[in-house]
Amino acid sequence: MIQHQLMQVLLERKVDPSAALALLCGSAAAMVVWKWLVKRQIQKKMEEARRTQDEGVKKMAKAVQQFREQVPSVQTDAILSLPLLELAERLQGGSLSPKTVLYTYLEKALEVTQQTNCLRHFIPECEEQLQEIQQQREKGLLYGIPISIKDHIGHKGHLSTCGLVQCLGTVVQEDSILVKVLKRQGAIPFAMTNVPQSLFNYDCSNPIFGQTLNPFNHQKSPGGSSGGEGALIAGGGSILGIGSDIGGSIRLPSSFCGLCGLKPTAERLSLSGASSPVSGILAVPCALGPMARDVDSLALCMKALLCQEMFQLDPTVPPIPFNEEVYSSSAPLRVGYYDTDGYFPLPPCMRRAVQETREALQAARHQLVPFSPPGIHYVMTELFLKTFFADGGRAWLDVFTGDIVDPNLKSQVNCCKIPRLGKKLLALILKPLFPRLADYLSALGGMR
């Protein structure tokens, strides 16, 4: 386009053709060189980030080795096999030391990330946090528990990359509120886990730190966007992690990796200090939530987080503490369930899981009531997709400016780049054969 405009100007001014050709060739060469320099700059930033990651791994491996030499008799397998509630109880009682537990999980996390590439970065300040919790007057509910956090949950002195090159230069200046509360409750954040580029993918890969693998099958994905958390916890390298969820980013990795995960009601936990590459999405809010091996672990984490400290630090969080009476009650419940919503095709394994859950709940004297969710098509197309892509995906596309698009995202990015009229026509053509894809393309056309 620029070369064409330049040619028009030169012809109008009757410039010598040979001089015009030389100028055009020069401008084209300059454009090629400029693009090469931009790409090279991106590559340098990514190489530096990977180098920092490698140095962090080596440093932590050295610290673990030193601990093992000092305390060679640690029963690693016995500690790693403890459920969270029992581990917390032993730490509170003093039969296990926070230092022993921390280095046990650091060692296991090193092993798991070597196999799955689930860690974005270790948090070396975990050793300082270890000293701080031992000086606290009161032991919090998560005293001495090592905890992993998703990449975009802010931790002072570290990056929140969201898998994007543009975020590599900005170091977080203050802990997110959730991290502050975790530390106040005695938890020790020790690792930040990998995410898909822009957080907007059900896989877990980005051009900077690469692909995260499912710990049970390296040919499979751990799910996304909290895929690094899913892989680390399922591999045994963390006993409790914090992910985030808008459209399944905690629930899918938990399902893919055989874990328990909770997406709380939006704003039940503070989002302050958790970064997002796309701001302004109010109708489809993100929620932070725990991921662990069992439901009791999720309950303990929520109990610890829903405390006075959380409510004071973020007044927008409703000051409603965890209701232990309701959680511990054995009173029969009336539970609604469905095995299909009529919109998403359900695989046999999921239908079987719902059936087994129904039978287990009925055996425990709960009343199960089948129902069909109303208006799912309207909810998905009008309230979710069209709200999320009200601008036709423009804000999301902008985050890739000056970046390399991950191969797993190229099809989504290319769909967003189709002109609005093209999206609408494609949606119309594909509607009879692929109605869900047609809905997606129609939503990408943006709101009128």
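Procedures and definitions
Residues numbered from 1 in each chain as written. Predicted model: local features only at pLDDT ≥ 70, side-chain atom pairs only at ≥ 80, totals over all residues. Heavy atoms only, no water. UniProt positions renumbered as here; feature names shortened; annotations may be inferred. Helix = DSSP H or I, 4+ residues; strand = E, 2+ residues; numbered from the N terminus. Buried < 20%, exposed > 50% of the residue type's maximum accessible area, 1.4 Å probe, protein only. Contact = heavy atoms within 4.5 Å. Areas by Shrake-Rupley, 256 points an atom, 1.4 Å probe, with all protein chains shown as cover. Lys, Arg positive; Asp, Glu negative; His and termini not counted. Charge placed at Lys NZ, Arg CZ, Asp CG, Glu CD. 1 Å grid on protein atoms, 1.4 Å probe; cavity = no way out; pocket = protein on both sides within 12 Å on 5 of 7 lines; lining within 4 Å. Points joined across faces, edges and corners; volume = space filled by probe spheres on them. Nonpolar A, V, L, I, M, F, W, Y, C, P; charged D, E, K, R; others polar. Patch = residues over 30% accessible without salt bridge, like charges linked within 9 Å, V, L, I, M, F, W, Y side chains within 5 Å. Salt bridge = Lys/Arg side-chain N within 4 Å of Asp/Glu carboxyl O. Pairing = 2+ DSSP bridges. Phe/Tyr/Trp six-rings, centres within 6.5 Å; stacked < 30°, edge-to-face > 60°. Lys NZ or Arg CZ within 6 Å of the ring centre and 35° of its normal.

- The protein goes by Fatty-acid amide hydrolase 1 in an unreviewed UniProt entry, where it is assigned to Bubo bubo.
- Its UniProt record gives the protein a comment under Sequence similarities (unreviewed entry), which states: "Belongs to the amidase family."

**Concerning the overall build of the protein**
Here's step 1: Looking only at helices and strands, the protein features 18 helices and ten strands.
Here's step 2: With the C-alpha coordinates aligned to their principal axes, the bounding extent of the protein is approximately 90 × 55 × 45 Å.
Here's step 3: Expressed as a percentage of its 448 residues, the buried residues of the protein come to 45%.
Here's step 4: Restricting the contact set of the protein to residue pairs at least 6 apart, pairs at least 24 apart contribute 72%.
Here's step 5: Total accessible area on the protein is roughly 23,200 Å²; 57% of this is exposed by carbon and sulfur atoms.
Here's step 6: Distance between charge centroids for the protein: 6 Å, based on 45 positive and 40 negative side chains.

**Considerations on the layout of surface pockets**
Here's step 1: Estimated volume of the second largest pocket: approximately 280 Å³.
Here's step 2: L262, A299, M302, F322 and Y327 are the residues nearest the centre of the second largest pocket, which is lined by 15 residues in total.
Here's step 3: For the lining of the second largest pocket, the elements supplying multiple residues, two or more each, are α10 (295–305) and α12 (324–328).
Here's step 4: Looking at which element gives the most residues to the lining of the second largest pocket, the answer is α10, with four residues.
Here's step 5: A per-class count over the lining of the second largest pocket returns twelve nonpolar, two polar and one charged.

**Quick look at unusual backbone geometry**
Here's step 1: The omega torsion of the bond from G224 to S225 falls at 5°, within 30 degrees of zero and hence cis.
Here's step 2: Here S225 is to be found in the loop between β5 (210–211) and α8 (227–234).
Here's step 3: A positive phi angle is found at S198, which is not glycine, with a value near 75°.
Here's step 4: Here S198 is to be found in the loop between β3 (188–193) and β4 (205–206).
Here's step 5: Note on S198: relative accessible area 4%, which makes it buried.
Here's step 6: Despite not being glycine, E267 has its phi angle at roughly 70°, a positive value.

**Points about the environment of N414**
Here's step 1: In this structure, N414 sits in helix α16 (residues 410–417).
Here's step 2: By relative accessible area, which is 45% here, N414 ends up partly exposed.
Here's step 3: Spatially, the C-alpha atoms of N414 and L397 are 9.5 Å apart, while their sequence positions differ by 17 residues.

**Some words on a nonpolar patch on the surface**
Here's step 1: On the surface, a nonpolar cluster with roughly 280 Å² of combined accessible area is contributed by Y378, V379 and L383.
Here's step 2: Tracing the chain through its elements places L383 in helix α14 (residues 376–388).

**Quick word on the pairing of β3**
Here's step 1: Burial within β3 is extensive, with six of its six residues counted as buried.
Here's step 2: Alignment of strand β2 (residues 146–150) against β3, held across five bridges, turns out to be parallel. Residue pairing for β3: K150 is matched across the bridge by T193.

**As for the pairing of strand β6 (residues 240–245)**
Here's step 1: Of all six residues in β6, six are buried; the element is thus mostly enclosed.
Here's step 2: Burial along β6 is two-sided: L240, I242 and S244 facing one way and G241, G243 and D245 facing the other are all buried.
Here's step 3: Strand direction decides the pairing type here: β2 and β6, joined by two bridges, are parallel. Directly across from S148, in β6, lies its bridge partner G241.
Here's step 4: Alignment of β6 against strand β8 (residues 287–292), held across six bridges, turns out to be antiparallel. Across the sheet, the residue bridging to G241 is M291, located in β8.

**What about the UniProt feature "domain: Amidase" (unreviewed entry) in the protein?**
Here's step 1: Under the local residue numbering, the UniProt record ascribes the feature "domain: Amidase" (unreviewed entry) to residues 101–399.
Here's step 2: The annotated region residues 101–399 carries 34% helix and 14% strand content, and the separation between its end C-alpha atoms amounts to 39 Å.

**As for the packing of aromatic side chains**
Here's step 1: Within the structure shown, the criterion is met by eleven aromatic pairs.
Here's step 2: Measuring from centroid to centroid gives 4.8 Å for F67 and Y103, while their planes differ by 15°, and the two rings are stacked. Of this pair, F67 sits in helix α2 (residues 17–70) while Y103 is found in helix α5 (residues 98–116), placing the two residues 36 residues apart along the sequence. The two residues F67 and Y103 agree in class, both being buried.
Here's step 3: Members of the aromatic cluster, joined through ring pairs, are F200, F384, F388, F389, W396, F400 and Y440.
Here's step 4: Directly above the aromatic system of Y343 lies the positively charged group of R436, at a separation of 4.1 Å from the ring centroid.

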